[in-house]
Amino acid sequence: MINDARDWLYKEFVLRKLNSRFGAILLGVIAIVISFAVVNLSFVIGPVLVALLAGLILVFICLNYPLLGFYIIISISCFAFFPERLLGVSLPISTGIELLVFIVFVGIILQRKNSPSDNRAFFKSPASIAILMFFLFFLVEAFNSNMYSLAGWAFYVRRYIIFSLIYFVAFRLLDDIKKVKFFLKFWIAIASFCAIYTCKQQWLGFFNFEHEWLTSDPHLIALYFQGGSFRKFSFLSDPAANGILMGAMCLFCLLLGLGQTSSRKKRTLYVMAFFMFLAMGYSGTRTASVMVPLGVALYTIMTFNNPRTLAFLVMFIFIAMFTFFGPFKNSPSIYRMRTTFMGSQEESLNIRDVNRKYIQPYIYKNPIGGGLATSSSEGMSYNPGHPLAGFPPDSGLLKTAIETGWIGYTLAMIYYFLILFQGVHYYYKAHDPQIRLFYVAITATLIAFIMAQYSQVAIGQVPMIFYFYPVIALLTRLLLIDKKIEHDSKIEMQA
């Protein structure tokens, strides 16, 4: 009896996909029930039921098609801040994203498609060791007597676990060269759309709902309106996030374009890089102005024997000099970029220097810091009354130093060094030209993100975490792919 019922359900829902008399009756009954509930009970029930159905579909996709679910999560994270500006309602999208990442992880585990050799390479890689090392230190932070509450620590550790899951998920899902290429193209497409949207905000102005959201808070106006114009944020959280993403992806497209043999691909990547450079300037983020030259410097060092490198370096210096010393006196975007290297009397920069000097004695006196989530607005929420609560670090590195002390700061430097070391070391170990190109472009963007931590909290925000941690995973995966390509080519030569 039970088997007959199960077979019938399988036939109706899976084989026929409700395209039958039973399906029509069932869907009709569901529609009547929902309509009755919306009219007689509450209007909110309709959107809630739709959201619930969409959530169930997402859970099904993430469990059964983890790769598709992974890209859906990235897409959602890119527009996580859009609904608040459009609807004026703050939705728990970040919590939903974390839940979906965990479900994708479960889906991968359930598939049981793993290679022991791949797992060994993954856990032995410098990046994996660095991530595990930092996680163990966070566990030690639970015993930090300077914290007033464990709630902030739990919040921070939960986020770090999600970052680690993203790293693991990307390694398992992006397991061949086609998937790696699609992932990188996907991010270039997202960044290009983000750049074009930023240019639209600059050239044609904000949409009405964006303008209303921006002018509804005097603090936002003071923060975004600088130098006679509004800093552009695209569909991301703020102008700083927009500038950092644009700077990293501009660098990525520029370096990928240098290694292309196809003229069409080269032109396409350069055009995308140009729009991203414009968007970076319109965001008014000084940090992004340093990211591109730093990445170019690393590229020059890693590929110094390449004849194209010197020509590219000369051209880059010429364009940079023209940008900073050209006839752009009335451009607020160019002015903010110039102040990055030429100094500025702006109060915001001076305040940051004063804050750094002020907090240094606290760092020296507390080897493991004040505790996780004790500074800035997080400290006011989780540890009110703490000496660091409300203190604005305005820097990912300074935030690490005051919350985890000079010991945690040292471990963070080791953490970043191991990641960059792996990128550079594996670049020289790889043989395939395309994989070497991916290595140098990825490593350059990684050092750009790490440098951005000096003046911004650049690592840990959505959607950048879905680029930063997956490309760290690719540092290990690409070398495995390179070895497979070399092995296959030897077999073909022997045959």
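My aim in this report is to walk through the structure given alongside it, one point at a time. (Residues numbered from 1 in each chain as written. Predicted model: local features only at pLDDT ≥ 70, side-chain atom pairs only at ≥ 80, totals over all residues. Heavy atoms only, no water.)

## Details of the overall build of the protein
- Counting secondary structure elements, the protein contains 22 helices and 2 strands.
- Computed over its C-alpha atoms, the radius of gyration of the protein comes to 25 Å, within 12% of the 23 Å expected for a compact globule of 495 residues.
- On the principal axes, the C-alpha backbone points of the protein span a range of 80 × 70 × 55 Å.
- Counting all 495 residues of the protein, 48% fall into the buried class.
- The long-range share in the protein, meaning contacts at least 24 apart out of those at least 6 apart in sequence, stands at 73%.
- A total of about 25400 Å² of accessible surface is found on the protein, and carbon and sulfur atoms cover 69% of it. (Helix = DSSP H or I, 4+ residues; strand = E, 2+ residues; numbered from the N terminus. Rg over C-alpha atoms; globule rule 2.2 N^0.38 Å. Buried < 20%, exposed > 50% of the residue type's maximum accessible area, 1.4 Å probe, protein only. Contact = heavy atoms within 4.5 Å. Areas by Shrake-Rupley, 256 points an atom, 1.4 Å probe, with all protein chains shown as cover.)

## Some words on the side chain of threonine 309
- On the secondary structure map, threonine 309 appears in helix 16 (residues 307–325).
- For threonine 309, the side chain forms a polar contact with the main-chain oxygen of threonine 303, separated by 2.6 Å.
- With residues near it in sequence (within four places) discarded, threonine 309 still touches Tyr299, Thr300 and Thr303. (Polar contact = N/O pair within 3.5 Å; in protein donor to acceptor, adjacent residues only side chain to side chain.)

## Looking at a nonpolar patch on the surface
- Taken together, Leu86, Leu87, Val89 and Leu91 make up a surface patch of nonpolar side chains, about 370 Å² in accessible area.
- With respect to the helices and strands, the residue valine 89 is situated in the loop between helix 5 (82–87) and helix 6 (93–111). (Patch = residues over 30% accessible without salt bridge, like charges linked within 9 Å, V, L, I, M, F, W, Y side chains within 5 Å. Salt bridge = Lys/Arg side-chain N within 4 Å of Asp/Glu carboxyl O.)

## Here we look at helix 9 (residues 151–173)
- In a regular helix each residue adds 1.5 Å, so 23 residues correspond to 33 Å; helix 9 covers 33 Å between its end C-alpha atoms and thus fits that length.
- Burial runs high along helix 9: 17 of the 23 residues are buried. (Expected span 1.5 Å × (residues − 1).)

## Considerations on the packing of helix 10 (residues 177–203) against helix 22 (residues 465–494)
- Where helix 10 meets helix 22, the closest approach of the two axes is 11 Å, and the angle between their N-to-C directions is 155°. Between helix 10 and helix 22, the interaxial angle falls into the category roughly antiparallel. Crossing handedness for the pair helix 10 and helix 22: left-handed. Between helix 10 and helix 22, the residues in contact are Ile177, Val180, Phe183, Leu184 and Trp187 and Phe466, Tyr467, Pro470, Val471, Leu474, Leu478 and Ile481, respectively.
- Considering only residue class, the contact of helix 10 with helix 22 consists of 12 nonpolar, no polar and no charged. (Axes fitted to C-alpha atoms, helices over the stretch in contact; angles between N-to-C directions. Parallel < 35°, antiparallel > 145°, perpendicular 65-115°, else oblique. Left-handed = near helix turned anticlockwise from the far one by under 90°. Nonpolar A, V, L, I, M, F, W, Y, C, P; charged D, E, K, R; others polar.)

## With respect to the nonpolar core
- One finds Ile74, Phe183, Phe466 and Tyr469 to be the most contacted residues of the largest nonpolar core, which totals 129 residues.
- Per-element accounting of this core gives the leading share, 15 residues, to helix 21 (residues 433–452).
- The residues touching phenylalanine 183, leaving out its near neighbours within four places in the chain, are Phe70, Tyr71, Ile74, Leu174, Phe466, Pro470, Val471 and Leu474.
- If you look at the next biggest cluster of nonpolar residues, it comprises 8 residues, including Ile359, Tyr362, Leu388 and Ala401. (Core = buried A, V, L, I, M, F, W, Y, C linked by side-chain atoms within 4.5 Å.)

## Examining the packing of aromatic side chains
- A complete count under the given rule lists 51 aromatic pairs for this structure.
- A cation over an aromatic ring shows up here: lysine 200 above the ring of phenylalanine 207, its NZ or CZ 3.5 Å from the ring centre.
- Sitting over the ring of tyrosine 454, arginine 356 keeps its end group 4.7 Å from the ring centre. (Phe/Tyr/Trp six-rings, centres within 6.5 Å; stacked < 30°, edge-to-face > 60°. Lys NZ or Arg CZ within 6 Å of the ring centre and 35° of its normal.)

## Here's the deal with the packing of helix 6 against helix 9
- Where helix 6 meets helix 9, the axes come as close as 10 Å, and the angle between the chain directions of the two elements is 40°. Here helix 6 is positioned oblique relative to helix 9, judged by the angle of their axes. Crossing angle aside, the handedness with which helix 6 passes helix 9 is left-handed. Taking contact as the criterion, the partners of Glu98, Val101, Phe102, Val104, Phe105, Ile108 and Ile109 in helix 6 are, on helix 9, Arg158, Arg159, Ile162, Leu165, Ile166, Phe168, Val169, Arg172 and Leu173.
- Looking at side-chain class alone, the contact of helix 6 with helix 9 contains 12 nonpolar, no polar and 4 charged residues.

## Thoughts on the pattern of salt bridges
- Applying the stated criterion across every chain yields a total of 6 salt bridges.
- When the shortest N-O distance is used, the salt bridge between lysine 179 and aspartate 175 registers 3.0 Å.
- Using a relative accessible area of 28% as the deciding quantity, one classes lysine 179 as partly exposed.
- Aspartate 488 is the partner of lysine 484 in a salt bridge, and the nearest nitrogen-oxygen pair spans 3.2 Å. Of this pair, lysine 484 and aspartate 488 both sit in helix 22, 4 residues apart, roughly one helical turn.
- Taken together, the salt bridges that share partners define one network made up of Glu378, Lys399 and Glu403.

## Points about unusual backbone geometry
- Here the bond from valine 462 into proline 463 is cis, since omega is 5°, no more than 30 degrees from zero.
- Within the secondary structure, proline 463 is located in the loop between helix 21 and helix 22.
- Phi angles above zero are rare outside glycine, and alanine 373 is one such case at about 60°.
- In this structure alanine 373 comes out as buried when scored by relative accessible area, which is 0%.
- Phi angles above zero are rare outside glycine, and serine 376 is one such case at about 55°.

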